[in-house]
Amino acid sequence: MSVHSIIEAASDPELWAGWGPWGYGLIPVIYGMAVGGVVASAPATGAVLGLYIHSGHVPLPSVNQQAVAACWGATIASVIPAAILVLSTDEGYTTTIAIGAGFILVSSCITFLIARKYLHYLATRDETTIRVTRECSASH
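Everything numeric here is computed off the predicted structure, so don't read it as measured data. (Residues numbered from 1 in each chain as written. Predicted model: local features only at pLDDT ≥ 70, side-chain atom pairs only at ≥ 80, totals over all residues. Heavy atoms only, no water.)

**Section: the overall build of the protein chain**
Step number 1: Across its full length, the protein chain holds 4 helices and 0 strands.
Step number 2: When the helices and strands of the protein chain are listed from N to C terminus, the series reads α-α-α-α.
Step number 3: In the protein chain, the proportion of contacts linking residues at least 24 apart, taken out of those at least 6 apart, comes to 57%.
Step number 4: Summed over all atoms, the accessible surface of the protein chain reaches about 10000 Å², with 72% contributed by carbon and sulfur. (Helix = DSSP H or I, 4+ residues; strand = E, 2+ residues; numbered from the N terminus. Contact = heavy atoms within 4.5 Å. Areas by Shrake-Rupley, 256 points an atom, 1.4 Å probe, with all protein chains shown as cover.)

Take a look at the structure:
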């Protein structure tokens, strides 16, 4: 079954008439959430593995170094769903390769931005905690 035939089946109002006032419009949202959650687990796992491997090689990495390591891990792990898409689709390779490359690029950029923002927050919080602890212990 190709992607085009799935979209045609989802747009058949008689097929989804029992879904209430929204009709078939709710089905792609439900499928999208489920498939998106499964597909997003690959870059997330890759980011965690990238951070884990990087922590073993670099003793005191900066926030940017850690974000780049997470980005590389997500990029490498994103190749798996992209390759599955390319190999399992019956349509032209040009379109599926473009979609796969877009997925890899977007997941890499999102991983870098989220990792950098979160790791910067953690570093700032740790510095604040240390500063407050020192001030409290110095005042007693």
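Past the structure itself, the notes keep going.
**Structural notes on the nonpolar core**
As a rule of thumb, soluble globular proteins bury nonpolar side chains together.
Step number 1: In this structure, Ala 47, Ala 67, Ala 70, Ala 74, Ala 115 and Leu 119 together form the largest nonpolar core, which totals 6 residues.
Step number 2: Listing elements by their share of this core, those giving two or more residues are helix 3 (63–88) and helix 4 (93–139).
Step number 3: Residue contributions to this core peak at 3 residues, all from helix 3.
Step number 4: Ignoring anything within four residues of it in the chain, the contact list for Leu 119 reads Val 63, Gln 66 and Ala 67. (Core = buried A, V, L, I, M, F, W, Y, C linked by side-chain atoms within 4.5 Å. Buried < 20%, exposed > 50% of the residue type's maximum accessible area, 1.4 Å probe, protein only.)

**Let's talk about the environment of Thr 96**
Step number 1: In this fold, Thr 96 is placed in helix 4.
Step number 2: A residue is classified by how much of its surface remains accessible, and Thr 96, at 4% relative accessible area, is buried.
Step number 3: Separated by 11 residues in the primary sequence, Thr 96 and Leu 85 have C-alpha atoms spaced 6.8 Å apart.
Step number 4: Setting aside anything within four residues of it in sequence, one finds Thr 96 in contact with Leu 85, Val 86 and Thr 89.

**Details of the state of the cysteines**
Step number 1: Counting across every chain of the model gives 0 disulfides.
Step number 2: Unpaired in this structure, Cys 71 has its nearest cysteine sulfur neighbour in Cys 109, at a distance of 6.8 Å. (Disulfide = S-S within 2.5 Å.)

**What about the packing of aromatic side chains?**
Step number 1: As enumerated under the stated definition, the model contains 1 aromatic pair in all.
Step number 2: Summarising the aromatic geometry, the rings of Tyr 118 and Tyr 121 are spaced 6.5 Å apart at their centres and angled 35° between planes, so their arrangement reads as tilted. Residue Tyr 118 and its partner Tyr 121 are located together in helix 4, separated by 3 residues, close to a single helical turn. (Phe/Tyr/Trp six-rings, centres within 6.5 Å; stacked < 30°, edge-to-face > 60°.)

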